[in-house]
Amino acid sequence: MSHPNYKPSFAALLAVLLAQNAHGDSSKHSFNIPAQPLNRALLAFGKQSGQQLMYSTDVAEHLRNRPVEGEYTATEAVNLLLAAAPLQAVTTREGTLTVRPKAMAVADTRPTQEGATLPQVKVTGKAEDAAAWATDPYNTDYQRPNAVTATKTDTPLMQTPMSVKIVPQQVLKDQQVITVDQALRNVSGVVSGAGGTGTFFIRGFGNYNIYRDGFLNRSEWAHTEDLENVEQVEVLKGPGSILYGRTEPGGLVNFVTKKPLDTPYYSLRQQFGSFDHYRTSVDATGPLTANQDLAYRFNLGYQSNNTFQEFGGNERTFVAPSVRWNITDRTTTTARIEYSDIKELGNGTVPLMGNRPAPIPRSRNLGERWNFQEDEYVMVSLNTEHAFNDNWKLRHRFNFTNYTLTMSGQKPDGNWSPVQANGDQTRFFFAQNTDGNDYQHNFFNALELTGKFDTGLFKHTLLVGGDYYRTDSRATMAGFGANPNQYDTINIYHPSHLAGPPAILPADVTYYEKTLPWFGLYAQDQIQLPYHVHVLAGLRYDNAESASSSSGEYGGGRDPDTSFDQVSPRGGVVWQPLPELSLYGSYTENFGAANGFANRIPLPPQTAQQWETGIKTELLNGRFSGTVSYFELTKQNLQVDVAPGITRASGEAESRGIELDLSGEILPGWNIIATYAYTPFAKTIQDSYYANTIGKRLNNAPEHSGSLWTTYAFQHMPPLQGMKVGAGLQAVDERQIGYDETAQAPGYVTANLMGSKLWKVGDARVTAQLNIDNLFDQTYFASIYSYGPTHYGAPRTFMGSIKVEY
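Here's what I pulled together on the structure shown here. From a predicted model like this one, the values you see are computed outputs, not experimental measurements. Counting starts from 1 at the beginning of each chain's written sequence and moves along it residue by residue. Under the rules for a predicted model, residues below a pLDDT of 70 receive no local features and side-chain atom pairs below 80 are neither given nor counted, while totals for whole chains, interfaces and linings still include all residues. The basis for every side-chain value is the complete set of non-hydrogen atoms in the structure, without hydrogens or water.

Describing the sheet that holds strand β15 (residues 251–257)
Phase 1: With mixed pairing, 5 strands are arranged side by side in an open sheet as β8-β14-β15-β12-β13. The sheet terminates laterally at β8 (164–167) and β13 (215–216), the two strands that pair on one side only.
Phase 2: Where β8 and strand β14 (residues 230–237) come together, 4 bridges link them in antiparallel fashion. Note that in β14 the partner of I166 across the bridge is E234. Here the rule is simple: two strands pair whenever DSSP picks up at least two bridges between them. Under the DSSP-based scheme used, a helix requires at least four consecutive residues in state H or I and a strand at least two consecutive residues in state E, with every element numbered from the N terminus.

Shown next, in the form of structure tokens:
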């Protein structure tokens, strides 16, 4: 994308492409015009249609086209090309095809060559059009110029003094992404945590928080990471608590969901793959009224599959309807509901044997066939925005979620009871929601005011707001206790399985209740200075409380109520000496997650500080972007598991490293998204509890990690038109299991392939696709978490799909 201050010298240029006149040209032509800057697309249209085309290049500046593939008349093709732009193609009296802003096109309602009369349309500006193109279902871009997660103000990445990575919709489609760990492979410095739980590590620190449209959308013990209604994944590297409250400092993952559209769109996709994998996806959107004041979107996903591991299985149901109401020209509200139910069977893990995961086959499950876990949640949200004028806007957001986690299983005891030399492994029984009345309710309210104003030469974008977040939860748990019926021994080489779970006696059950409210006030100012300098400054005040109690197997009583206050600043500066180059630096502090208690003594709150500097670039007229960043991140009171159900707060840990993220279109049809992270220092630097961890590398923090994914859509080659091929690699260095460097998971490299073919069938587009993951069938450990389980990565896996959209 061109620099916002750049003014072309040829603002009134008249472009005449080829010499053929528009009169009488009703024949069809073969078009293959990928998504690209609109000026380039119109040039390609002229060459492929032989059509005389007149337009001012200024009206097409900053815009992009919809892709056009197939046989069309010139008029059909140009209207498809301009479908996402505030422009209209009009045939003049002289028979010349002219591209004009829609407001101009309305004045000339003479029939076109196809005999249709141009309807009256709503005129939108460049910013609105860019937002519309970003959410267009046919957008094939691998690069996004703007993000909302870092600043909450839809800021160009080139003017954001932090590292932000966006995984767009087309990447998710090309890789057939279903889970969060698959999406985050495209982000530098991120590695998977405990398999099957949706945890991950960013810049060396664990994280289980997922945000959807800025709402905290994860339970601390349930995973609900279905991506069926996700438009793109945005990852803010480093602390984000200044705008979001208590967060983990490594980074913040925000799922930007699909919104109702004014243009009808419908798609149905059926996936089928290895291990009896079947998934059906539906996406439907469009206006509900003729004036487009009401619009809807409906997303559905249903999946059932076995796994490469014995006893393993999965069933998912996800439904997400939403409605947008334009109450007035300046007031809009969107209501959304999500329902997710994820059931898992088997879910076995690999225990440690010496300093490595035990050498058992990938298919072996040291759990039981009756091991079961179900994560269910319902979410209701309401987002209302009112624009007082073009510069000032008020937004209110409300969100409610209800989670339920039910689980039961016999599991290896892990690092606390390692595998014996003869292969014997102690197992324990664990169950949650033993009486069917567990819950976790999350309430969220936020009110924000955004305004743009000038003070002399300085241009400001001001954000002020406040939010309130509250979690109320109840959990019933059995396991880890003195009941001998809840323990047994299994041999990893010759396992013998139980017929069913042990009996749960009333004395085995522990009851927990917890309330965690917090509220925050925050302000942020983004200032544009002369000489292409952009400054960001922000401050947040948090007040966080907790109240909890327990009874049952571990004794009972009420924990001491806690209350913590924190003021967190953030500041950064960007200098953009060229439209294609930005240099930035920033400092951020973080107020972290609640730490709970140790022997009923409250653990101190987690805090963190980060320095970051880097270089950003946008090349090839904004189609390709890259970020190189260097960070130093320090976290205090890191929560560490020291035994089943027991945690402590370590003194201080630090990570330092360099990260590289690249994405975009290198040549027409050739897209790439690539990452690399070098983290030479990720260690515990203070620890008053375990002195032997000082100077030791952090858990699950590889020194080197990276990924590469690239696709090519064939251009101007009729036999191959509509075909796309792709390939990728993921590499992760050796990782420590735990914090004392006594056990390691070996590094690995996996390769992936894809191929797809698109056909035009009437008004519909039909796409057949095949993906092959772990092409060379590498045996590797995909995920680990602290002193807990290790999980094998999947063997060679095939995933096919058929998608129909129109």
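Structural notes on unusual backbone geometry
Most peptide bonds take the trans configuration, and most residues that are not glycine carry a negative phi.
Phase 1: Notably, Q176 is not glycine yet its phi reads approximately 50°, a positive angle.
Phase 2: Counting through the fold element by element, Q176 comes out in the loop between α6 (169–174) and α7 (180–184).
Phase 3: Three labels apply to residues, based on accessible area from a 1.4 Å probe with only protein chains included: buried if under 20% of the type maximum, exposed if over 50%, partly exposed otherwise in between. Residue classification places Q176 among the buried residues on the basis of a relative accessible area of 3%.

Focus on the sheet that holds strand β9 (residues 190–192)
Phase 1: With antiparallel pairing, the 3 strands of this open sheet are ordered in space as β9-β10-β11. If you trace the sheet from one side to the other, it starts and ends with β9 and β11 (205–207), each paired once. Averaged over all pairs of adjacent strands, the angle between strand axes in this sheet comes to 35°, irrespective of strand direction.
Phase 2: Where strand β10 (residues 200–202) meets β11, 3 bridges bridge the pair, whose relative direction is antiparallel. Convention adopted: a line fitted to C-alpha atoms gives each axis, helices being fitted over their contacting stretch, and angles between N-to-C directions are expressed from 0 to 180 degrees.

Structural notes on the packing of aromatic side chains
Phase 1: When two rings of Phe, Tyr or Trp (its six-membered ring) have centres within 6.5 Å they constitute a pair, described as stacked for plane angles under 30 degrees, edge-to-face for angles over 60, and tilted for the intermediate range. Counted by the stated rule, this structure contains 16 aromatic pairs.
Phase 2: Through a chain of ring-to-ring contacts, the aromatic side chains of F215, F444, Y469 and W518 assemble into a single cluster.
Phase 3: Whether a charge sits over a ring depends on NZ of Lys or CZ of Arg being within 6 Å of the ring centre and within 35 degrees of the ring normal. Above the plane of the ring of F631 lies R203, whose end atom (NZ or CZ) is 4.2 Å from the centre.
Phase 4: Directly above the aromatic system of Y584 lies the positively charged group of K616, at a separation of 5.0 Å from the ring centroid.

So, the pairing of strand β40 (residues 652–667)
Phase 1: Bridging between strand β37 (residues 624–636) and β40 involves 13 bridges; their strand directions are antiparallel. Among the inter-strand pairings, T627 is bridged to a residue of β40, identified as D661.
Phase 2: For β40 and strand β41 (residues 670–686), the ladder comprises 14 bridges, and the chain directions are antiparallel. In the sheet register, L660 faces β41, and the bridge partner there is Y676.
Phase 3: Between β40 and the antiparallel strand that follows it, β41, lie 2 residues; G669 among them carries a positive phi value of about 90°.

Concerning a nonpolar patch on the surface
Phase 1: Where nonpolar side chains cluster on the molecular surface, the patch consists of Y266, F272, Y278, I802, V804 and Y806 and spans about 540 Å² of accessible area.
Phase 2: Mapped by element, the contributors of at least two residues to the nonpolar patch are β16 (265–273) and β50 (797–805).
Phase 3: Among the secondary structure elements, Y278 is positioned in strand β17 (residues 277–287).
Phase 4: Residue classification places Y278 among the partly exposed positions, given a relative accessible area of 45%. Residues enter patches when their relative accessible area tops 30% and they take part in no salt bridge; the joining distance is 9 Å for like charges and 5 Å for the nonpolar side chains Val, Leu, Ile, Met, Phe, Trp and Tyr. The accessible surface values rely on the Shrake-Rupley method and a 1.4 Å probe; as for residues, cover is taken only from the protein chains in view. The salt bridge criterion pairs a side-chain nitrogen of Lys or Arg with a carboxyl oxygen of Asp or Glu, the two atoms within 4 Å.

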